[in-house]
Amino acid sequence: MRKLDIDHINQNATYKVSELKSRQNYFSFTSKADVKFAVGFDEDNFISHESYQLIIANINQKPSPRDSGVRDTIFAIIQEFFRINNVTMLYICDTGDGKQAMRSRLFSYWFSTFAENGLYTILQSSITDEEGIDNYFAVISRKDNPFSAQVMKEFYENTYFFSHKPKE
């Protein structure tokens, strides 16, 4: 993954974005409600082609009221990710507090309002694990990614495999 351009991100972000010195391609910003966010990308192997998991973390664990600036800042980072990398991005909703369905709906809504969403292919799925917890996933690829069709097929096959118990 190529290094993201912080100046380009800040040209499109509502909030001032800073690089986290401790991790490459991780960024932070603070919303008007004083919620501190970290946004970054970790290499992932759920898909065989080069892919990265999008991480969005509320660092100071403050409640985050509805704020379009948060969405716009996160999507400025995502837009930069795709501007310089023609790879796959995975989004997996955190299950730690039981709000994963809400996070999935919010991300879907945000993505649907993203100004350039016609440039991307997105597939979403959910898998209920052995403890009955629903896990929500999305895979996003630029439409001009030469592996896009294969990535989407592999994502579908992987989520199908993990959501169906083998017959004994």
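Refer to the preceding data block for the structure.
In this convention, every chain numbers its residues from 1, walking through the sequence in written order. Local features are withheld for residues below a pLDDT of 70 in this predicted model, meaning they are given only at 70 or higher, and side-chain atom pairs are given and counted only at 80 or more; totals for whole chains, interfaces and linings count all residues. Excluded from the side-chain calculations are hydrogens and water; all other atoms, namely the structure's heavy atoms, are used.

**Student:** Could you give an account of the pattern of salt bridges, with specific residues and numbers?
**Tutor:** Any carboxyl oxygen of Asp or Glu within 4 Å of a side-chain nitrogen of Lys or Arg constitutes a salt bridge here. Going through the model one piece at a time under the given rule, you end up with seven salt bridges. Here Glu-80 and Arg-83 are joined by a salt bridge, their closest N and O atoms 2.7 Å apart. With a gap of three residues between them, Glu-80 and Arg-83 both fall in helix H2 (residues 68-84), about one helical turn apart. Burial classes follow relative accessibility: with a 1.4 Å probe on protein chains only, a residue under 20% of its type's maximum area counts as buried, one over 50% as exposed, and anything between as partly exposed. Its relative accessible area of 42% is what places Arg-83 among the partly exposed residues. Notably, a salt bridge pairs Glu-157 with Lys-153, separated by 2.8 Å at the nearest N-O pair. Under the scheme used here, helices are H or I runs from DSSP no shorter than 4 residues and strands are E runs no shorter than 2 residues, and both carry numbers assigned from the N terminus.

**Student:** Give me the pairing of strand E3 (residues 36-44): which residues, what numbers.
**Tutor:** Two strands pair if DSSP finds at least two bridges between them. Summarising the sheet, strand E2 (residues 26-30) and E3 pair through five bridges and their orientation is antiparallel. For Phe-29, the partnering residue across the bridge sits in E3 and is Phe-37. What sits between E2 and E3 in their antiparallel hairpin is a turn of five residues, with Asp-34 showing a positive phi close to 65°. The turn joining E3 and strand E4 (residues 51-58), which pair antiparallel and follow one another in sequence, is formed by six residues.

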